[in-house]
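Structural description and commentary
Read off the chains here:
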Amino acid sequence: MKLTDVISAMHCSIYATVPLLIFLGIFAGVIIHVLAEQKSQFEAMSRLPLDSERENGR
Amino acid sequence: MSTHTEKFEYDDATVRKFVFATAAWGVVATLVGLWLAIMLVAPRMNLGLAQLSFGRLRPLHTNAAIFAFAGNAIFAAIYYSSQRLLKARMFSDALSKFHFWGWQAIIVSAALTLPFGITQSKEYAELEWPIDLAIAVVWVAFAINFFGTIAKRRERHIYVAIWFYVATIVTVAILHIFNNLALPISPWKSYSVYAGVQDAFMQWWYGHNAVAFFLTTPFLGLMYYFLPKAANRPVFSYRLSILHFWSLVFIYIWAGPHHLHYTALPEWASTLGMCFSVMLWMPSWGGMINGLMTLRGAWNRVSEDPVLKFFVVGITFYGMATFEGPLLSIKSVNALSHYTDWTIAHVHSGALGWNGFMTFGMLYYLAPRLFQAKLWSKKLAELHFWIGTVGILLYIVAIYAAGVTQGLMWRAFDSTGRLAYPDFVETVVRILPMYWVRVLGGSLYVVGVVLAFVNMTMTWRSRPAVYAPSSDEAPALGVYEGPKTELALPAHSTIANTGLRLIYFVQAKWHRTWERQPLKFTIWVALAVICASLFEVVPTFLIRSNIPTIAAVKPYSPLELYGRDIYVSEGCYNCHSQMVRPIRAETERYGEYSKPGEFVYDHPFQWGSRRIGPDLHRVGGKYPNLWHVRHMKDPRSTTPQSIMPAYTWLFDDDADFGSVQKRVDGMAMLGVPYGDAVLHAESMARAQAHAVSQQIVQQGGPADLENKKIIALIAYLQRLGTDIKQVPNGPPAGDLRANNDATPAQPSAVAKSDLGGL
């Protein structure tokens, strides 16, 4: 029996639904992360490009 | 944390090289594009040279724009910003040099192969297998250099721009490897291991994500670094940038199938691609808003600073293009827009506006810093900005109008229910004025790019005799002593452990940990991309009902296969599709709609993505052989207003019958059931060539074509789309087909019943 036979016989009709659920779960997780973090932390991180160089150009 | 401060120097020499390469290749890419635009209104401008014909030159334009111009720009951005964000010199100077020169060698080899018809014919992945291998090697060197730099960084937190670069490096590697899997049959010819629907799926999984992870994520990294620097303000919302990143990584990879709506791709895949494409609105606009709002309090400087001007317009085009992309992915909109110039306008608003202007903004920002001299002419940069903006607007407005005009004319019916414009060429002639406006807009844009190159060069000429070292200092990264975010569990309490795990997850401290652990972070990005891809790839490849087989569909004869390779080599797919969609206007114009099972022997698929000329999937048997002879020799002799170039060299070049056996053997190795042809391919090809040339003579044509390439091409064209008109179990594979005449056959009832219920 080939893998093709197995997958074809599974009659999976949820291929379109599973990824949507995964995406929503991850998205919810990321939202929780960004909301749970303190603003001061983000401010420090957002200043990294500005602190990153002692300019020697003109 | 260690308090010992270390001094170090950034490697700006490599960045300078990438900056120059960006400006130089920008001139080349846009000039070739302008030449192509001129050829569409004046087809004789190819000067009768095969190497300058539209089909061969268009891939050179797209490859130069994407991999030479945008590619060098993102490398310049990554090398400059990563060192400063990570507070470390690049991992290896030798790898940096290898990366730069290796990439330029790849670009030059593209320029030396594509005009000579050496191509895989997969859009934006045209380069043949030896160059593909070189790309993989150079990319791995780049990845080692980049991740090595992260490993020796002095800044613990990894800024969001670096995340975008990580996603780019990981995903492009995956896309490149899997889309380019091919079987070489000679040093400059290979066949895709995928066929038909599966090849189309892989190609547009790659094609869309090349846009996502080569033209979007690295440019977003560029935006998140250079815009705050130029505006001297931190990014508007770091929270939003995190959302932006993860949403793009999780959504973009799914969206590829929207390039194949109403084709033979399974509908569930197409719908899935549409859903995720529509969801892309959210992160894309989040990113655009984040970019523009970064300028809060600095808008007064925009009028004085060309760098900010370029960035503002570039980000605005990002917003426009990413609004339009999801719109075009909606099936009902796509039914109108697909194959038209609407897509070309969409692509150019992104490429010229977003990629181009972000690049120019970065170049003008970097030039004085890298060359340690004042920008040669701020006025010239201002002129570049305005001339470029007007050029883009002229280009895209004209081509949007052309695209919508095409779409509406193709589907128009008169009051009697017949096609209002049955001759395809009518729809071509109508949009020629818009093509002229494109030439004007494109010319302006090219002038702007030349001005940028001049400005860069003159600034470079004002450099000091010896560059001052670009030095910095920072404490070495010691043992992390900040807030603990790793999960520490007491040993004995299961309930307490579960509670702690829950709190850990809800507070999302795991993410904070990843941000300090680039390896884990990279693995999760790779997993997100791979899992999303597998969800679409596995069913498409392994569920048989997705591609119902058709008994009447047989492999191409050896001569037809050789003719198909000539079709691929000439880049015919750049102007002609081979996919009749199940839309009435198309079945009325072209015939029976295309079925998935008709393409099972197509390595690679040739569905195309635009119709400068008509679809060819049902062209087999539509015209006599002699019509094809006359049409290919001088398209205006059969269609007076045609803008197709003449293919005179196909009448001069001898057919390479000696290579036919290798071609058939290659296909057989890929599983195409070739039967006797595996042993006698060359003699079978010669016999069919003789038969076809005799038919041409009988129809009143020239008698000296039997050994010319044109015969093989005609044999292939006459075979196209005819299999489902044959009875199943007809002539065995490789037999000479009797359909090289002008009598269109009718689809048989038997064949129709065998189409898997479509």
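Just above sits the structure.
Values in this document were obtained by computation on a predicted structure and should not be read as measured data.

A short note on the overall build of chain A
Within chain A, the secondary structure is distributed over 4 helices and 0 strands. Scored against the burial criterion, the 58 residues of chain A give a buried share of 34%. Carbon together with sulfur atoms contributes 64% to the accessible area of chain A, which is approximately 3,600 Å² in total.

A word on the packing of aromatic side chains
All names here are of chain B. In the structure shown here, the tally under the stated rule is 54 aromatic pairs over all chains. Considering the side-chain rings of Tyr124 and Trp204, the 6.3 Å spacing of their centres and the 80° angle between planes classify their relative orientation as edge-to-face. Highlighted residues: Tyr124 in the loop between helix H3 (93-113) and helix H4 (129-151) and Trp204 in helix H6 (residues 196-214), separated in sequence by 80 residues. Across the pair, Trp204 and Tyr124 agree in class, each one buried. Their ring planes at 70° and their centres at 5.3 Å tell us that Tyr567 and Tyr716 sit as a pair that is edge-to-face.

Overview of the nonpolar core
All names here are of chain B. In terms of nonpolar packing, the biggest core is built from 188 residues, with Trp103, Phe226, Trp246 and Phe360 touching the most fellow members. Counting residues per element, this core draws most heavily on helix H2 (residues 54-86), which supplies 19 residues. Residues within four places of Phe360 in sequence aside, it is in contact with Phe69, Phe310, His384, Tyr445, Val449 and Ala452. Counting residues in hydrophobic clusters, the runner-up holds 49 residues, among them Tyr556, Leu559, Met684 and Leu720.

A closer look at the pairing of strand E4 (residues 471-475) of chain B
The side chains of a regular strand alternate, first on one face of the sheet and then on the other. Residues and elements named next belong to chain B. Side chains of E4 alternate between two faces, with Asp472 and Ala474 buried and Ser471, Glu473 and Pro475 left unburied. The pairing of strand E1 (residues 5-9) with E4 spans 5 bridges and is antiparallel. Following the sheet pairing, Thr5 is matched in E4 by Pro475.

The rules behind the values
Residues numbered from 1 in each chain as written. Chains lettered and ligands numbered in written order. Predicted model: local features only at pLDDT ≥ 70, side-chain atom pairs only at ≥ 80, totals over all residues. Heavy atoms only, no water. Helix = DSSP H or I, 4+ residues; strand = E, 2+ residues; numbered from the N terminus. Buried < 20%, exposed > 50% of the residue type's maximum accessible area, 1.4 Å probe, protein only. Areas by Shrake-Rupley, 256 points an atom, 1.4 Å probe, with all protein chains shown as cover. Phe/Tyr/Trp six-rings, centres within 6.5 Å; stacked < 30°, edge-to-face > 60°. Core = buried A, V, L, I, M, F, W, Y, C linked by side-chain atoms within 4.5 Å. Contact = heavy atoms within 4.5 Å. Pairing = 2+ DSSP bridges.

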